[in-house]
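A look at the structure
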Amino acid sequence: MPKIIGKSLHEHRQMTRHKLFTALSTLMAERGFDTITLADIATAAGVGRTAVYNHFSDKESLLLGFITHETEQYALTLERALAEVQDPVEKLRTYIRQQAQLARVFHLAPGPDLRTVLSRSTQARLREHAEIVESILKRILHDGVALGSFPRQDIEPTVQLVNACLSGRLIPEDPETRERAIRAAETFVLRAVGARPALAA
C-alpha cells in the first residue's frame, strides 16, 4: 500500500493532485503538451504511475483538472481585486493588469497550440473554463456601458478582441519591458472600448 502523505486520505489526495498539477505546469513550460506522457508527469511529481491513474484516466483529463483548478483560483483572485474598485474604467484597468500578469498555460506552452492536439470534447470543456473569466469582463463592459463610461458596443466580439490583446505570448518576461508592455496594453484596450479620455489618460 502506498505511503499516505498528509493527515488524512482526503488531504493525501489533494496533495497528490497538487503535485501532479505542479509537474504538468513545469513540463508544459519546457515543452509541448503533445510530447508529455503520464510517465513524465509521474516522474516529475515524484509519484508512481498508479497514483496518476488513481486521479486521472489520461493526460487530457489531468489537463482539464489542472485548468479547472487554475481557473477557479484565478477567478477568485480577480473578483477580490475587482471588489475594491468601483469605477468601470478602473475595473477594466484591473482586469487588464491581472490578465497580463497571468502566466496561462495556453500562452506559455511551447509546441503546437493546444487546440490542435486535444480532442474536440476536451476543447469544449476548456472553452467552458475560459468563459468563466470572460463573463467577468462582460460584466465590467456591460456595467461601463450602463453607467456611460463606455459607449454602446457589441460586447461579445469586444471581449474576444480584448483577451486576444492580452495573450501571454505578447507579454515580455523582463520586468521593465513587461511593465511597459502592460501599460501599452492598458492604453490600447481603454481606447479600443471607447473609455472616456479624461479617465483613460
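Residues numbered from 1 in each chain as written. Predicted model: local features only at pLDDT ≥ 70, side-chain atom pairs only at ≥ 80, totals over all residues. Heavy atoms only, no water.

Points about the confidence of the model for the protein
Quick reminder of the rule: Here pLDDT means the predictor's own confidence in every residue, given as a number from 0 to 100. In this text, helices come from DSSP runs of H or I with a minimum length of four residues, and strands from runs of E with a minimum of two, each type numbered from the N-terminal end.
Per-residue confidence for the protein gives a mean pLDDT of 84, with 85% of residues at or over 70. Mean pLDDT values for the elements of the protein range from 48 in helix α6 (residues 105-108) up to 95 in helix α2 (residues 38-45).

Notes on the pattern of salt bridges
Filter applied, for reference: What counts as a salt bridge is simple: a side-chain nitrogen of Lys or Arg found within 4 Å of a carboxyl oxygen of Asp or Glu. The buried label applies to any residue whose accessible area, calculated with a 1.4 Å probe on protein chains only, is under 20% of its type's maximum; exposed applies above 50%, and partly exposed to all values in between.
Scanning the model with the defined rule gives eleven salt bridges in all. For arginine 93, the salt bridge goes to glutamate 90, with nearest N and O atoms at 3.0 Å. On the criterion of helical spacing, the pair formed by arginine 93 and glutamate 90 is a turn pair, its members being three residues apart in helix α5 (residues 88-101). Of the residues examined, arginine 93 reaches a relative accessible area of 16% and is grouped as buried. Between glutamate 186 and arginine 93 there is a salt bridge whose closest N-O contact spans 3.1 Å. Highlighted residues: glutamate 186 in helix α9 (residues 175-192) and arginine 93 in helix α5, separated in sequence by 93 residues. Both residues of the pair, glutamate 186 and arginine 93, belong to the buried class. What emerges from the salt-bridge pattern is a single network uniting Glu90, Arg93, Arg97, Glu179, Arg183 and Glu186.

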